[in-house]
Amino acid sequence: MSWSDLPAELVAGIADRITEHADLARFRSVCPSWRSASAEHAARRRVPLLLLPSQQNSRVNRRLWSLADDSITEIPMPAACGRSFLFASPRGWTLAVADDFSATLLHPFTGASESLPALPPSFHDGYQMILRDMVWDRSPDAVMVSQGKGAFFCRLQGDGRSWTPADLSPPARVGSITYCDGAFYLLDKRANKVTAVDGATFAVVAAIEPPDLVMPDRSWVRESTLVVSSASELLLVVHGGCHRSKGLFKAFRADRGSLAAGWSEVGGGGLGDRAVFVDHVRGFCVEANGVNGVRRNCVYVASAHEEANANSGWGDWGRYTVSMLDLDGLTTSQNLSHGNLLKCLHGRQRPSWSMPNLH
């Protein structure tokens, strides 16, 4: 009997006992029959993990919170040692930045890492605040970063890597960067304007004007998130509210093939059998497959809030929060900040969603 002839129920039983994402990926790549037999187990694992920045940047192990079962897993990230700020992504890669502004790309699930040049001088002003709020994404060939105004890119191929400013005229306010199929999409969260930048030339190729959106009151706080939901579609999710308000949640859709046509509002069930995961860096879609614990047509928002130190009165530390917004009822359905997540403290850093992707 060859390895591929093992009974499917035996292969499935072995897959159920594999805890590491990298081990499961290797297991499923042995042969088509093993991949097929472990499909249900893999589907249960297709749920984002929340990367929780450590209060001690000298640690090798970093924490990941699972939405599926409220568990906290420590995963070794040797390349993150000494890196104060970590920013995850839905493609598995994480950007790590040290106190001296040196940067490293690392992959928590494979152990791969790649050094980048120190961040540009404009990132050094304000230090903690700017690094905490910076956004980024990567393509197969380059990394793009922003500290809030304008953007810089670094090509990953060839020698002599350096950060080059992207030609954005006038310099745009950048609240998120999302890469998909040859283009970087930069969102101005204040104006809800999206700029598309070619991933090879880094020239602006298109711009999407903001949708018509009137907030009920000037006191309302508005947050916008750009999501590349598929190869043909962009989503703009806007949520906001003020003290004691029910809140406002709207979603808009744009066709990537005809960006000039602008945005059209999405109805209550517009996400279908998908959910959107949002942090301060970006948003992305995940299939609600019925076994991974993700609810369809919902938006999961991860953030952090500071709590005052009893001795100093300053917000020296805080807790992580995850809220689920149901687009069917346009309400905040559930606060998921309980159990193990509530026990985790942060030191002025924000969490970010990481998708266990081995590529």
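Residues numbered from 1 in each chain as written. Predicted model: local features only at pLDDT ≥ 70, side-chain atom pairs only at ≥ 80, totals over all residues. Heavy atoms only, no water.

Looking at an unreviewed UniProt entry, the protein chain carries the name KIB1-4 beta-propeller domain-containing protein, with the source organism given as Triticum urartu.

A. Summary view of the side chain of S139. By secondary structure assignment, the location of S139 is in the loop between β8 (135-138) and β9 (142-146). In this structure S139 comes out as buried when scored by relative accessible area, which is 3%. Leaving out residues up to four positions away in the same chain, S139 has contacts with L156, Y179 and F184. (Helix = DSSP H or I, 4+ residues; strand = E, 2+ residues; numbered from the N terminus. Buried < 20%, exposed > 50% of the residue type's maximum accessible area, 1.4 Å probe, protein only. Contact = heavy atoms within 4.5 Å.)

B. Structural detail: the packing of aromatic side chains. Counted according to the given criterion, the structure contains ten aromatic pairs. Measuring from ring centre to ring centre gives 6.5 Å for F85 and F87, while their planes differ by 5°; the resulting arrangement is stacked. Comparing F85 with F87, the two get one shared label, buried. Feature note: the residues F153, Y179, F184 and F202 constitute an aromatic cluster, connected by ring pairs. It is R138 that lies over the ring of W93; its NZ or CZ is 4.8 Å from the centre. Sitting over the face of the ring of W136, R282 holds its NZ or CZ atom 5.7 Å from the ring centroid. (Phe/Tyr/Trp six-rings, centres within 6.5 Å; stacked < 30°, edge-to-face > 60°. Lys NZ or Arg CZ within 6 Å of the ring centre and 35° of its normal.)

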